[in-house]
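Below are the chains, spelled out letter by letter.
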Amino acid sequence: MALTFPVSPEKNVSLKKRMETLGIRESDLKEQFVKASGKGGQNVNKVATAVVLLHIPTRKQVKCSVYRTQGLNRYKARDLLCLEMERELEPSKFESSIQKLRKKKQNKYNKALKKKLEKEKLERNDPI
């Protein structure tokens, strides 16, 4: 029986394809359910809705307690595991937004500094 999650059939198929592409098999995954914490009321405090997923060959571990239901957390944990594996394969593709902002800010600073230095150079060479 195929593993399905309480999401749209398209998302189930998409996740399955991503896992196949990355070489992640269900048999290589060890799944644990633990109690989550935080917002969500009594359901979160009493029921083991959080999912801890371990990919045995790579020893990568992901914990997901984003949603209040176990089924959605199981789906999201696999999605996060795929994301981690993809990041490992192509780190430049997954550059964080903070790093992008820092680069942008640095480039802006470098341009301003370059303009200022050119202006000072012109002023020094200009005989008045």
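Look up: the structure comes first, before these words.
Residues numbered from 1 in each chain as written. Predicted model: local features only at pLDDT ≥ 70, side-chain atom pairs only at ≥ 80, totals over all residues. Heavy atoms only, no water.

Chemist: Got a minute to help me understand the overall build of the protein in this structure?
Modeler: In terms of helices and strands, the protein carries four helices and three strands. Sequence-ordered secondary structure for the protein, helices as α and strands as β, is α-β-α-β-β-α-α. Taking 14 Å as the expected radius of gyration for a compact globule of 128 residues, we find that the protein reaches 24 Å, considerably beyond that expectation. Dimensions of the protein, computed from the C-alpha atoms along their principal axes, are close to 85 × 35 × 30 Å. Just so you have it, the protein exposes about 10,100 Å², and 53% of that area is on carbon and sulfur atoms. In the protein, which carries 31 positive and 15 negative side-chain charges, the distance between the mean positions of the two groups comes to 6 Å. (Helix = DSSP H or I, 4+ residues; strand = E, 2+ residues; numbered from the N terminus. Rg over C-alpha atoms; globule rule 2.2 N^0.38 Å. Areas by Shrake-Rupley, 256 points an atom, 1.4 Å probe, with all protein chains shown as cover. Lys, Arg positive; Asp, Glu negative; His and termini not counted. Charge placed at Lys NZ, Arg CZ, Asp CG, Glu CD.)

Chemist: Sorry if this is basic, but what is going on with helix α3 (residues 70-89) here?
Modeler: In an α-helix there are 3.6 residues to a turn, and that puts residues three or four apart on one side. In this model α3 runs 29 Å from its N-terminal to its C-terminal C-alpha over 20 residues, within 8% of the 28 Å that 1.5 Å per residue would give. Looking at α3, one finds that the buried residues are Asn73, Arg74, Tyr75, Ala77, Arg78, Asp79, Leu81, Cys82 and Met85. Buried residues in α3 make contact with α1 (9-22), β1 (29-34), β2 (50-55) and β3 (60-64). (Expected span 1.5 Å × (residues − 1). Buried < 20%, exposed > 50% of the residue type's maximum accessible area, 1.4 Å probe, protein only. Contact = heavy atoms within 4.5 Å.)

Chemist: Whenever I open this one, the nonpolar core confuses me. Can you help?
Modeler: If you look at soluble globular proteins, the nonpolar side chains tend to sit buried side by side. In terms of nonpolar packing, the biggest core is built from 15 residues, with Leu15, Met19, Ile24, Leu29, Leu81 and Cys82 touching the most fellow members. Of all elements in the fold, only α1, β2, β3 and α3 reach the threshold of two or more residues within this core. By residue number, the principal contributor to this core is α3, which donates five residues. (Core = buried A, V, L, I, M, F, W, Y, C linked by side-chain atoms within 4.5 Å.)

Chemist: Please explain the packing of aromatic side chains as it appears in this structure.
Modeler: Aromatic ring pairs: the centre-centre distance and the angle between the two ring planes describe each pair. Here the structure, examined in full by the defined rule, presents one aromatic pair. Taking the centre distance of 5.9 Å and the plane angle of 65° together, the rings of phenylalanine 5 and tyrosine 75 count as edge-to-face. Taken together, the positions of phenylalanine 5 in the segment before α1 and tyrosine 75 in helix α3 put the pair 70 residues apart, joining distant regions of the chain. Its relative accessible area of 14% is what places tyrosine 75 among the buried residues. (Phe/Tyr/Trp six-rings, centres within 6.5 Å; stacked < 30°, edge-to-face > 60°.)

Chemist: I'm lost on the pairing of β2 in this one. Help?
Modeler: Every other side chain in a regular strand lies on the same face of the sheet, so the side chains alternate between the two faces. Of all six residues making up β2, six are buried, and the element is well covered by its neighbours. Judged by which residues are buried, β2 turns out to be covered on both faces: Ala50, Val52 and Leu54 on one side and Val51, Leu53 and His55 on the other are all buried. Two elements, β1 and β2, share six bridges in a ladder whose sense is antiparallel. By the bridge assignment for β2, glutamate 31 is matched with leucine 53. In this sheet, β3 lies alongside β2 in antiparallel orientation, the contact comprising five bridges. Bridged to valine 52 within β3 is lysine 63. The antiparallel hairpin formed by β2 and β3 contains four residues in its connecting segment, where arginine 59 sits at a positive phi of about 65°. (Pairing = 2+ DSSP bridges.)

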